[in-house]
Amino acid sequence: MAKLELKNLNKTYTPKVIPVKDVSLSVEDGEFLTLLGPSGCGKSTILRLIAGLEEPTRGQVLIGERNVTGVRPGDRNIAMVFQSYALYPHLTVYDNIASGLKLKKTPSEEIKQRVAEAANVLGLEELMNRKPGQMSGGQRQRVALARALVRRPDVFLLDEPLSNLDALLRERVRAEIKQLFAAQKVPVVYVTHDQTEAMTLSSKVAVLNKGDVQQLDAPELIYNNPANVFVAGFVGSPQMNLLTLSCQGNHASLGNFKIPLPKMPTVPHNIVLGIRPENVHLAKPEDTNIIKGRIFLVENLGMHYLISVRVDSSEKEEIIVRALVPIQQKWSGEEINLVLPNESIHWFNVQTGDAMVKPSVASQLV
Ligand SMILES: Nc1ncnc2c1ncn2[C@@H]1O[C@H](COP(=O)(O)OP(=O)(O)OP(=O)(O)O)[C@@H](O)[C@H]1O
Ligand SMILES: [Mg+2]
């Protein structure tokens, strides 16, 4: 049982390729940290640095109180699950799962027992004599997970373990992973670019962009209080509406409509307004501060509808609304009245992208 700590971790490949920039974070026993970010932002590099498959240019990796920077991967007691499974094709499922334990010269009775336990948890009992080539992607993924589990490591690292599975299987294995690793009581670092996985699995999420941690928080806070425009735009589907507006006096202008600004020391010339599609309301007759628009696209997603609206008198300002019902059967070309509740609006600095005022109400689908 040992906490994992990264201290000012840096990795530079060339002056232009710096996939990890001064990353500091810690993961306690039993915590599930997800590294979330677009392709190429440095997620796998961070895992490889933790595992010792690469050395940092600067900074340290600590497991417990032990500084393991420079320690051989085999001496770190870390188990890693790779996106590509990395199973031995010529070995049976049993031997694949047992391979790490055999290398460590674990007594054979103990190996049998641990492999049987992991096979039971992952439903692999019937497949123990098969070889990887005789199994489906989902089954192979389970073998890779079992091989990590039997090791009883101090830290688990998982690099996009679900990315090769189809949507249904992905959901099932996702739920299994959550239960499996909650029971392990050691730090888990999970890499994905899938925000649903990040939101559902994690106790903490680190959103990365170009090697920089943009925000490190509980998933609810990442969603409800994004620290900057990058996090706001990356987390959430459909994306948060982000509109650059000009400010006059104590309001921002959206087409001909005025949106009151929150109190701030100085009013900037321009500001970025953010509002999630589920927080844009359809106006009721008694509403004031209505924003008039025209629908140009309605998408039926089964459970809800996405309605794309162009704000009146403005060809450029578009707002996406997520609604549970087709709005009184309104369709493309029709007019629509919207309300942007003040308490759901995020305001961001136009230059730095940083959040200026966070909304007071959590996001919700209405
Ligand atoms: N050995 C290497 N030499 C030079 N550049 C590298 C090397 N390995 C990775 N990179 C670069 O470092 C950056 C980060 O790569 P990394 O694999 O960590 O990204 P990632 O976030 O895991 O992306 P993905 O989601 O596509 O897996 C990329 O720009 C990549 O091209
Ligand atoms: Mg990767």
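Residues numbered from 1 in each chain as written. Chains lettered and ligands numbered in written order. Predicted model: local features only at pLDDT ≥ 70, side-chain atom pairs only at ≥ 80, totals over all residues. Heavy atoms only, no water.

1. Things to note about the overall build of the protein chain
Consideration 1: Across its full length, the protein chain carries eight helices and 21 strands.
Consideration 2: Projected onto the principal axes, the alpha-carbon positions of the protein chain cover approximately 75 × 45 × 30 Å.
Consideration 3: Residues classed as buried in the protein chain amount to 49% of the 366 residues present.
Consideration 4: At a minimum sequence separation of 6, the contacts of the protein chain that also span at least 24 residues come to 65%.
Consideration 5: Total accessible area on the protein chain stands at roughly 17600 Å², and carbon and sulfur atoms take up 50% of it.
Consideration 6: The centroid of the 41 positive side-chain charges in the protein chain is displaced by 5 Å from the centroid of its 38 negative side-chain charges. (Helix = DSSP H or I, 4+ residues; strand = E, 2+ residues; numbered from the N terminus. Buried < 20%, exposed > 50% of the residue type's maximum accessible area, 1.4 Å probe, protein only. Contact = heavy atoms within 4.5 Å. Areas by Shrake-Rupley, 256 points an atom, 1.4 Å probe, with all protein chains shown as cover. Lys, Arg positive; Asp, Glu negative; His and termini not counted. Charge placed at Lys NZ, Arg CZ, Asp CG, Glu CD.)

2. Observations regarding the sheet that holds strand β7 (residues 155-159)
Consideration 1: Taken in spatial order, the six strands of this open sheet run β6-β7-β8-β3-β9-β10, and their pairing is mixed. Strands at the two margins of the open sheet, each flanked by one partner only, are β6 (78-81) and β10 (212-217). Pairs of neighbouring strands in the sheet enclose a mean axial angle of 15 degrees, with direction left out of account.
Consideration 2: One ladder, built from five bridges, connects strand β9 (residues 204-209) with β10; its direction is antiparallel. Bridging across to β10, V207 finds its partner in Q215. (Pairing = 2+ DSSP bridges. Axes fitted to C-alpha atoms, helices over the stretch in contact; angles between N-to-C directions.)

3. Overview of the site of ligand 1
Consideration 1: Taken together, 14 residues lie around ligand 1, and S39, G40, K43, S44 and T45 are the ones closest in.
Consideration 2: Within the side chain of E160, one N or O atom sits 3.4 Å away from an oxygen atom of ligand 1.
Consideration 3: Protein chains shield 60% of the accessible area of ligand 1, which is 640 Å² for the free molecule.
Consideration 4: Partitioned by chemical class, the residues of the shell around ligand 1 number five nonpolar, six polar and three charged. (Near = heavy atom within 4 Å. Polar contact = N/O pair within 3.5 Å; in protein donor to acceptor, adjacent residues only side chain to side chain. Nonpolar A, V, L, I, M, F, W, Y, C, P; charged D, E, K, R; others polar.)

4. Structural notes on the sheet that holds strand β19 (residues 335-339)
Consideration 1: Across the sheet, which stays open at both edges, the five strands sit in the order β15-β19-β16-β17-β18 with antiparallel pairing between neighbours. Two strands in the sheet have a free side with no partner beyond their single neighbour: β15 (281-282) and β18 (318-323).

5. Thoughts on the UniProt feature "domain: ABC transporter" (unreviewed entry) in the protein chain
Consideration 1: The sites that carry the UniProt feature "domain: ABC transporter" (unreviewed entry) are, in the present numbering, residues 4-235.
Consideration 2: End C-alpha atoms of residues 4-235 are separated by 26 Å, and the span's content is 35% helix alongside 24% strand. (UniProt positions renumbered as here; feature names shortened; annotations may be inferred.)

6. Here's the deal with helix α5 (residues 167-182)
Consideration 1: Its 16 residues place the ends of α5 23 Å apart at the C-alpha level, agreeing with the 22 Å of an ideal helix rising 1.5 Å per residue.
Consideration 2: Taken as a whole, α5 has its buried residues at L169, R170, V173, R174, I177, L180 and F181. The buried side chains of α5 occupy one side of the element, clustering within an arc of 135 degrees when seen end-on. Opposite the buried face of α5, at more than 90 degrees from it, the exposed residues are L168, R172 and Q179. (Expected span 1.5 Å × (residues − 1). Arc of directions from axis to C-beta.)

7. Overview of the nonpolar core
Consideration 1: Of all hydrophobic cores here, the largest spans 38 residues; its most connected members are I97, L124, L145, F156, L158, I177 and F181.
Consideration 2: Where this core is concerned, the elements lending two or more residues are β6, α2 (93-103), α3 (108-121), α4 (137-149), β7, α5 and β8 (188-192).
Consideration 3: Of all the elements, α4 adds the most residues to this core, at six residues.
Consideration 4: Residue contacts for L145: discarding those within four places in its chain leaves V81, L122, L158, V173, I177 and F181. (Core = buried A, V, L, I, M, F, W, Y, C linked by side-chain atoms within 4.5 Å.)

8. Brief notes about the pairing of strand β14 (residues 270-275)
Consideration 1: Taking burial as the measure, the six residues of β14 include five buried ones, the bulk of the element.
Consideration 2: The pairing of strand β11 (residues 241-248) with β14 spans six bridges and is classified as antiparallel. By the bridge assignment, L242 is partnered in β14 with G274.
Consideration 3: The pairing of β14 with strand β20 (residues 346-349) spans four bridges and is antiparallel. For V272, the partnering residue across the bridge sits in β20 and is F348.

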